Amino acid sequence: MNRLRVISGHLCPPGSSGSSSGCGRELRAPGCGSSEPDSGEDVVLVHGRRTAIGKAKRGAFKDTTPDELLSAVMAAVLEDVGLSPDKLGDVCVGNVLQPGAGAVMARVAHFLSEFPDTVPVCTVNRQCSSGLQALFNIAGAIRSRSIDLGLACGVESMSLQSIGNPGDLSSRVSDNEKARDCLTPMGITSENVAERFGISREKQDAFALSSQQKAAQAQSSGRFDQEIVPVTTSVVDGEGRERRVTVSKDEGVRAGTTLAGLAKLRPAFKPDGSTTAGNSSQVSDGAAALLVGRRAAVEALGLPVLGVLRASAVVGVPPDVMGIGPAVAIPAALQQAGLTVDDIDVFEINEAFASQALYCVEKLGIPLEKVNPNGGAIALGHPLGCTGSRQVVTLLNELKRRGRRAYGVVSMCIGTGMGAAAVFEYPGPQQ
């Protein structure tokens, strides 16, 4: 098997070997090149579901705790495929804002889903990639033969927990430039990318409009219906009155968005900036879950294969321009998979901000028609710990709609300066 060099830890141009600057490290490819035949050891995805994404602080999930959101998708995924939860070897949940990355919350959701106490659960916080990292963790356990089946999840209630508390930090943080940059507000990192790489306000607004239009079309045509688990919950109004609602549609989609309307919005982070509420991701509430397994175990149980995880990568970039992460992570994952940008049918790139998403798309030469065909976080929302899982659910359903063998990429930037990416294959209609 060839040894591949994966860029990690430093910002190097895609294609750089990094041999002279120490910005590459060699990893063995996990037998996942595009020309290799299917193997019983493949990490495959069986099924995934998500909640609708609610508007934080003012949407239908504003009073719903994350354990309830998580429980809804965990239970639905197994019920859909008729799998008993005692078949799971582990459950991993991505979360950002809950104390301790939501370790107690996840176990409570586990029991609310009527999973047995014999099945373990853990949580992970890699900020905006936490939901994808949960999948990486389960995949790693499968590859090491620790487990055969697992559930990878992500959840966030940005209504009940707010961003902004970095925890206990050394007084020396201000003495180290990179450490200090880790505390840069995310909106300022967006402005840094826009200024440093020349991403104009006009281009950002046009990208935001496209996201809204694509999401509105996907929603109106019912494309999200098979992904979303309807959740019945309670909402308390401003006068303290409680009402029951069933939430089955994403709340952030604004079908009436226009360029003129976006142009009227004031900069949100700098008086002379270009990042606005209209060309940034929305703060949101939501959850998603994915059933993952070793191909041999999945086939022995008679379960379907919706997708195959072909490669994964996490890289580091300067924290003050953290949004460029996908521009480095995607090439690393594609190299590992033996694929190029041209081989990929769909890119799900998280739209933390239009500035950084556009930079990554342009830097890698990705045709815009391949990017977020059903809209992204600008329209749908970005519930931090959930987003990576939600993107995978949306991607695999979109690839399935293509009706043929196809490849897709999920990627996002990560606060404090990182990027993550994964390559998936939809194997085509199964006999």
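Residues numbered from 1 in each chain as written. Predicted model: local features only at pLDDT ≥ 70, side-chain atom pairs only at ≥ 80, totals over all residues. Heavy atoms only, no water.

Q: Help me understand empty space enclosed by the protein, please; the structure alone is not making it clear to me.
A: Over the atoms rolls a probe the size of a water molecule, and in doing so it shows where empty space is left. Scanning all chains against the criterion turns up one cavity of 30 Å³ or more. Lining the largest cavity are Gln-219, Phe-224, Asp-225, Ile-228, Ser-248, Lys-249 and Asp-250. The residue inventory of the lining of the largest cavity, partitioned by class, reads two nonpolar, two polar and three charged. (1 Å grid on protein atoms, 1.4 Å probe; cavity = no way out; pocket = protein on both sides within 12 Å on 5 of 7 lines; lining within 4 Å. Points joined across faces, edges and corners; volume = space filled by probe spheres on them. Nonpolar A, V, L, I, M, F, W, Y, C, P; charged D, E, K, R; others polar.)

Q: Help me understand the packing of helix α6 (residues 201–220) against helix α10 (residues 354–364), please; the structure alone is not making it clear to me.
A: The description of two helices packed together rests on the angle between their axes and the distance between the axes. The geometry of α6 relative to α10 is characterised by a closest axis approach of 9 Å and an angle of 90° between their N-to-C directions. Accordingly, the angle class assigned to the pair α6 and α10 is roughly perpendicular. Here α6 contributes Lys-203, Gln-204 and Phe-207 to the contact with α10, which in turn contributes Ala-354, Ser-355, Ala-357, Leu-358 and Glu-362. (Axes fitted to C-alpha atoms, helices over the stretch in contact; angles between N-to-C directions. Helix = DSSP H or I, 4+ residues; strand = E, 2+ residues; numbered from the N terminus. Parallel < 35°, antiparallel > 145°, perpendicular 65-115°, else oblique. Contact = heavy atoms within 4.5 Å.)

Q: Even after reading the chapter, I still don't get the confidence of the model for the protein, so can you show me in this structure?
A: Per-residue confidence for the protein gives a mean pLDDT of 92, with 91% of residues at or over 70. Confidence drops under pLDDT 50 across residues 1–35; counting only partners more than four residues distant or on other chains, this segment forms 69 contacts. (pLDDT = per-residue confidence, 0-100.)

Q: Just to check I follow, could you spell out the environment of Leu-396 for this structure?
A: One can find Leu-396 in helix α12 (residues 387–402). By relative accessible area, Leu-396 is classed as buried at 2%. Once the C-alpha coordinates of Leu-396 and Leu-306 are considered, the two residues, 90 residues apart in sequence, prove to be 6.9 Å apart. The contact partners of Leu-396, leaving out residues within four places of it in the chain, are Leu-45, Leu-306, Gly-307 and Phe-424. (Buried < 20%, exposed > 50% of the residue type's maximum accessible area, 1.4 Å probe, protein only.)

Q: What is the right way to look at the side chain of Arg-310 in this model?
A: Structurally, the position occupied by Arg-310 is in strand β11 (residues 307–316). Side-chain polar atoms of Arg-310 contact the side chain of Asp-38, separated by 3.1 Å. (Polar contact = N/O pair within 3.5 Å; in protein donor to acceptor, adjacent residues only side chain to side chain.)

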